[in-house]
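Results of the structural survey
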Amino acid sequence: MELRLYDTLTRDKRPFTPLDPANVRMYVCGPTVYDFAHIGNARPVIVFDVLFRLLRHLYGEAHVKYVRNITDVDDKINDRAARDYPGLPLNEAIRKVTEQTERQFHDDVDALGCLRPTVEPRATEHIGEMRSIIEKLVAGGFAYVEQDHVLFSPSAMNAANGVLPRYGSLANRSLDEMIAGARVDVAPYKRDATDFVLWKPSKPGEPSWPSPAGIATPGRPGWHIECSAMSWKHLGETFDIHGGGIDLVFPHHENEVAQSCCAFHTSRMAQTWMHNGFLQVEGEKMSKSLGNFLTIADQRDHWGPAVLRLNMLKTHYRQPIDWTQHSLSETGRELDRWFEFLEKTPGGDASSASAVVSALMDDLNSSAAITALRALFRERNAAGLRSGLDLLGVPVGREFVQGRKHFRLYAEAGSIAVVGGTATFNIGPKSTNQADIQRLIDARTAARANKDWKESDRIRDELAAMGVVLKDGKDADGKPVTTWEIAR
Ligand code: AMP
Ligand code: ZN
């Protein structure tokens, strides 16, 4: 069985052969750290985490290097810093914004069960590499200096002979069309409308570094050069896989290819280009103005990480996803059944999820992998189900909410362990005093009769913390009754 991946550049699905199987290399564009990550941003993080897990499974953990950068220099960061901390010097405000956002991003993606990449380089720590690529591009005639900017010229690239790819080939656009379609009122420092910025001057107070190419004014890099520099530093001039969301194909990835191939005289930056499709919310594009902007943090608190992750993987990564309450609830119900079964069926041989592996070998078909999980559940194959969920990175264990925090319950011999965030603590023996539980349930029933929802929720949470799960229903006469069980 071989791994086959779809390549955006060649628009076909091919067997994946790493340049060096002892060192399989993948780069994924990471977040620009100025705002909370939204649930759409979680998609590439989860998708490429599954690919990372699969590659580790195939080539060995020590032989896969995954680099995902953090963009901590960008005009959007400067604007946010000036808006949120008007009293602080800009550079201090920027540090506050980037540190906070980076911490939040890590909390979010850790909670979603994503492994940390092997390296998470920050753009501001790679300015030297950016300057050095820019120098190579200017020396090679692919870039020029104008009004303290350095611009890359796609026309110069396409005029060059040799191994270089054609500018526009990743996005499947012709440069002539792009030139014809470009607006006439281009920036005064650009020779051609399609030229893009590698380096630009900074105003006093803005983040700045000594400029390349003999420019006296200090400046800062453009966005695209950051990824060419960080992937070069950590993965080399060419590597195996480059990923990101579909919106990054043009101009970001097209420009990365142009910079890296022209600087290093190579025909390929990455052997395989992979792009995830977009996520919509209840059939609409997510946007702040529509009020349907869902942060990972809110979604995580509401649904719990296992539901978010499995729901994301139900759709193949290249298809668009419609993120709906309906499908999240369905995913939650399905996981409940699986977790209940797994809790009752411990142990087993963990090597039996081959159908899940084969599904993922076909261009990361996570949707077929989930169909395989369903079959394992139907066959009552606990070990297979557990190892399949593990390969998809879905944290196993029943979840419950207390306050705004999610916990997972594990049944251990004689006690119940509750895992919340990174802490694990025992919440006592399974033989919780039944009279105490009944007393609390009666108090809650009384509170509900008085429509004191706050108190009734408080008691439900107190019971949940004891590992007791309540089920509200009606008896034969239609009177509300509450039954309970120890979450196992
Ligand atoms: P950004 O912060 O916008 O640069 O995006 C970070 C990553 O999230 C990129 O790989 C984007 O392609 C991806 N992304 C942003 N919005 C969505 C969305 N609605 N659906 C899927 N991926 C997205
Ligand atoms: Zn990038």
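These notes cover the structure that comes with them.

What about the sheet that holds strand β3 (residues 24-28)?
With parallel pairing, four strands are arranged side by side in an open sheet as β4-β3-β9-β10. Among the strands making up the open sheet, the edge pair consists of β4 (64-68) and β10 (270-276). Across this sheet, the average inter-strand angle for adjacent strands is 20°, counted without regard to direction. As paired strands, strand β9 (residues 239-245) and β10 are joined by six bridges and run parallel to one another. Bridge pairing links Gly-244 to His-275 in β10.

Focus on the site of ligand 1
Ligand 1 sits among His-38, Gly-40, Asn-41, Pro-44, Gly-244, Gly-245, Asp-247, Leu-248, Asn-276, Gly-277, Phe-278 and Leu-279. Between an oxygen atom of ligand 1 and a side-chain N or O atom of Asp-247, the distance comes to 2.3 Å. If ligand 1 stood free it would expose 490 Å²; the protein chains cover 83% of that surface. Counting residues per element, the ones that place at least two in the shell around ligand 1 are α1 (39-59) and β9. Looking at which element gives the most residues to the shell around ligand 1, the answer is α1, with three residues.

Let's talk about unusual backbone geometry
Residues Phe-250 and Pro-251 are joined by a peptide bond in cis, for which omega reads 5°. Its location among the elements puts Pro-251 in helix α8 (residues 249-264). Of note, Arg-380 is a non-glycine position whose phi angle comes to about 55°, a positive value. Mapped onto the elements of the fold, Arg-380 is located in the loop between α13 (366-378) and α14 (382-391).

Here we look at the coordination of the zinc ion (ligand 2)
Protein-derived coordination of the zinc ion (ligand 2) comes from Cys-29 (SG), Cys-227 (SG), His-252 (NE2) and Glu-256 (OE), at a distance range of 2.1 to 2.4 Å. Here the zinc ion (ligand 2) binds four donor atoms, and the angle range of 76 to 129° at the metal identifies the geometry as irregular. Each donor residue of the zinc ion (ligand 2) belongs to the same chain, and together they define the spacing C-x197-C-x24-H-x3-E. Separated by 198 residues along the polypeptide, Cys-29 in the loop between β3 and α1 and Cys-227 in helix α7 (residues 223-235) bring together distant segments of the chain. By relative accessible area, Cys-29 is classed as buried at 12%. Judged by its relative accessible area of 1%, Cys-227 is buried.

Brief notes about the pairing of β4
The buried fraction of β4 is high, at four of five residues. Taken together, the five bridges between β3 and β4 define a ladder with parallel strand orientation. Note that in β4 the partner of Val-24 across the bridge is Val-64. Following the chain from β3 across α1 to the adjacent parallel β4, one finds a crossover that is right-handed.

Points about the sheet that holds strand β5 (residues 143-146)
With antiparallel pairing, four strands are arranged side by side in an open sheet as β5-β6-β7-β8. Looking along the sheet, the strands with just one partner apiece sit at the ends: β5 and β8 (219-221). Ignoring strand direction, the axes of neighbouring strands in this sheet form an average angle of 20°. Alignment of strand β7 (residues 196-201) against β8, held across three bridges, turns out to be antiparallel. Across the sheet, the residue bridging to Lys-200 is Arg-220, located in β8.

Side note on the pairing of strand β2 (residues 12-15)
When strand β1 (residues 4-7) meets β2, the two strands line up antiparallel, connected through four bridges. Looking at β2, one finds that Tyr-6 is bridged to Lys-13. Where β1 hands over to β2, the hairpin turn is made up of four residues, of which Arg-11 adopts a positive phi near 55°.

Quick notes on the environment of Pro-204
In this structure, Pro-204 sits in the loop between β7 and β8. Taking the C-alpha atoms as reference, Pro-204 lies 9.8 Å from Gly-219; in sequence the two are 15 residues apart.

A few points about the state of the cysteines
Scanning the entire structure with this criterion turns up zero disulfides. For the unlinked cysteine Cys-261, the closest cysteine sulfur is that of Cys-262, found at 7.0 Å.

Description of the packing of aromatic side chains
Inspection of every chain in the model, using the stated rule, returns seven aromatic pairs. Here the aromatic rings of Phe-16 and Tyr-59 are separated by 6.5 Å at their centres, their planes lie at 80°, and the arrangement is edge-to-face. With Phe-16 in the loop between β2 and β3 and Tyr-59 in helix α1, the pair connects residues that are 43 residues apart, well separated along the chain. You can call Phe-16 buried: its relative accessible area is 9%. Geometrically, the ring pair formed by Trp-232 and Phe-264 is tilted, given 5.0 Å between the ring centres and 40° between the ring planes. Residue Trp-232 is found in helix α7, and its partner Phe-264 is found in helix α8; the two are separated by 32 residues along the sequence. Taken together through their ring pairs, the aromatic side chains of Trp-338, Phe-341 and Phe-377 make up a single cluster. Note that Arg-318 overlies the ring of Tyr-6, its terminal NZ or CZ placed 3.9 Å from the centroid. The lysine or arginine in question, Arg-380, covers the ring of Phe-377, its NZ or CZ lying 4.8 Å from the ring centre.

Calculation criteria
Residues numbered from 1 in each chain as written. Chains lettered and ligands numbered in written order. Predicted model: local features only at pLDDT ≥ 70, side-chain atom pairs only at ≥ 80, totals over all residues. Heavy atoms only, no water. Pairing = 2+ DSSP bridges. Helix = DSSP H or I, 4+ residues; strand = E, 2+ residues; numbered from the N terminus. Axes fitted to C-alpha atoms, helices over the stretch in contact; angles between N-to-C directions. Near = heavy atom within 4 Å. Polar contact = N/O pair within 3.5 Å; in protein donor to acceptor, adjacent residues only side chain to side chain. Areas by Shrake-Rupley, 256 points an atom, 1.4 Å probe, with all protein chains shown as cover. Donors = N, O, S within 2.8 Å, 3.2 Å for Na, K, Ca; no water. Tetrahedral: all angles 85-135°; square planar, octahedral: opposite > 155°, others 65-115°. Buried < 20%, exposed > 50% of the residue type's maximum accessible area, 1.4 Å probe, protein only. Right-handed = clockwise from strand over helix to strand, strands pointing away. Disulfide = S-S within 2.5 Å. Phe/Tyr/Trp six-rings, centres within 6.5 Å; stacked < 30°, edge-to-face > 60°. Lys NZ or Arg CZ within 6 Å of the ring centre and 35° of its normal.

What is shown is where atoms sit, not what they do.
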